[in-house]
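Residue-level structural notes
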Amino acid sequence: MMSNPMILSGKDVSQSVYKKLNEQISFLKSKNITPGLAVVLVGDDPASRVYVKAKTKQFNKLDLVSKTIQLPADTIESDLLNLIRKLNQNPLYHGILVQLPLPKHLNTQNIIESISPKKDVDGFHPENVGHLAIGDPKFIPCTPKGIMRILSHYKIELNGKHVVVLGRSNLVGRPISILTSLKQAGANGTTTLCHSATKNISFFTRSADVVIIALGVPEFLTVDMVKEGAIVIDVGINRIDSNTEKGYRLVGDVNFESVATKVSAITPVPGGVGPMTIAMLVENTVEAATQTL
Ligand code: GUN
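Parameters at a glance
- Residues numbered from 1 in each chain as written.
- Predicted model: local features only at pLDDT ≥ 70, side-chain atom pairs only at ≥ 80, totals over all residues.
- Heavy atoms only, no water.
- Helix = DSSP H or I, 4+ residues; strand = E, 2+ residues; numbered from the N terminus.
- Contact = heavy atoms within 4.5 Å.
- Buried < 20%, exposed > 50% of the residue type's maximum accessible area, 1.4 Å probe, protein only.
- Pairing = 2+ DSSP bridges.
- Right-handed = clockwise from strand over helix to strand, strands pointing away.
- Expected span 1.5 Å × (residues − 1).
- Near = heavy atom within 4 Å.
- Polar contact = N/O pair within 3.5 Å; in protein donor to acceptor, adjacent residues only side chain to side chain.
- Areas by Shrake-Rupley, 256 points an atom, 1.4 Å probe, with all protein chains shown as cover.
- Nonpolar A, V, L, I, M, F, W, Y, C, P; charged D, E, K, R; others polar.

Another aspect to go through is the environment of Val269. Structurally, the position occupied by Val269 is in the loop between strand 11 (265-266) and helix 10 (273-290). When the C-alpha atoms of Val269 and Gly252 are compared, they prove to be 5.6 Å apart, with 17 residues separating the residues in sequence. When neighbours within four sequence positions are excluded, Val269 is seen to be in contact with Asp234, Gly236, Leu250, Val251 and Gly252.

Structure below.
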């Protein structure tokens, strides 16, 4: 049994990202460009509110432009499309982020496809998804990009390793399965993508050198499901009712306490993948601004 796994601190890695970004931001400002992000929040999903607040807080901290446009839950599609059309034209904003999930009456794919691919800092537009899929990425979705950055920061190589991804969402599972298996430095893994129709998930996770879990199921991954010495990346952020001040606590998709006794490296929740998602959003926005030079 391994006892002290390496804790992969996304919080620490994000600090090193910001240090580098600050130089690029200063350079852009010397050219009279301040990277700017427009965030669109439809409805009042409490988790989405928290995420959006965390994102704009980081932009403020770095003295960047950010604006949150909050719309009522019953916003009609044409109004949202008109807003995005205006944001596409507005030179103040180099990035546009529509927080997901959207209320059910809105067609998410229509909305995503209305964002200019050049401002699509989420990397969700099919044009950017296509670039990623053929191994020539432009904007890479923030959470998967952040996971790859954590791995490279800690010098974890995927070459020759079996990577098992749990979850096939367009936000995380699908793009990280593509990234980990690309033929390029830091990647080149052998990736298996498991999902809700996968039989005997443990069969796959037990053979994994690296498990990346993005299911949104609290503490799904237990110690019996992982190989000794494996590396575990936990993308889950789940609210569990508790007697704390906020009335809830955050847990990942991994039963951290038990899994940590067996693996060689693991991301914590909070302080793991979460801070990296925000850092990569800033990075993508700085990249978008740089492309206007
Ligand atoms: N909802 C959860 N994660 C994300 C994200 O990275 N981007 C957007 N737009 N919505 C999200």
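Let's pick the thread back up.
The next point concerns the pairing of strand 5 (residues 162-166). In terms of burial, strand 5 is largely enclosed, as five of its five residues are buried. Summarising the sheet, strand 5 and strand 6 (residues 190-194) pair through five bridges and their orientation is parallel. Looking across to strand 6, one finds that Val165 is bridged to Leu193. The parallel pair strand 5 and strand 6 is bridged by helix 7 (residues 173-181), and the resulting crossover is right-handed. One ladder, built from four bridges, connects strand 5 with strand 7 (residues 210-213); its direction is parallel. Residue pairing in the sheet places Val164 in a bridge with Val211 of strand 7.

Below, the discussion takes up unusual backbone geometry. Look at the link from Leu100 to Pro101: it is a cis peptide, with omega at 0 degrees. A cis amide bond links Val269 to the next residue, Pro270, at an omega of -5 degrees. Position of Pro270 relative to the elements: it lies in the loop between strand 11 and helix 10. We note that Asn188 has phi near 65 degrees; this positive angle belongs to a residue other than glycine. In this structure Asn188 comes out as partly exposed when scored by relative accessible area, which is 32%. The backbone of Glu219 sits at a positive phi, close to 55 degrees, despite the residue not being glycine. Tracing the sequence through the fold places Glu219 in the loop between strand 7 and strand 8 (231-234).

Another aspect to go through is helix 6 (residues 142-153). Counted at 1.5 Å a residue, the expected span for helix 6 with its twelve residues is 16 Å, and the 16 Å between its end C-alpha atoms agrees. Where burial is concerned, most of helix 6 is hidden: nine out of the twelve residues are buried. The set of residues buried in helix 6 consists of Cys142, Thr143, Pro144, Lys145, Gly146, Ile147, Met148, Ile150 and Leu151. Contacts made by the buried residues of helix 6 are with helix 1 (10-30), helix 7, strand 7, strand 8 and helix 10. Phi turns positive, to about 55 degrees, at Lys155, one or two residues after helix 6.

Right, let's get into the site of the ligand. In the vicinity of the ligand, the contacting residues are Lys55, Leu97, Val98, Gln99, Leu100, Asp122, Phe124 and Leu171. A distance of 2.6 Å separates a nitrogen atom of the ligand from a polar atom in the side chain of Asp122. For the ligand, whose unbound accessible area comes to 280 Å², protein coverage reaches 85%. Tallied by class, residues from the shell around the ligand come to five nonpolar, one polar and two charged.

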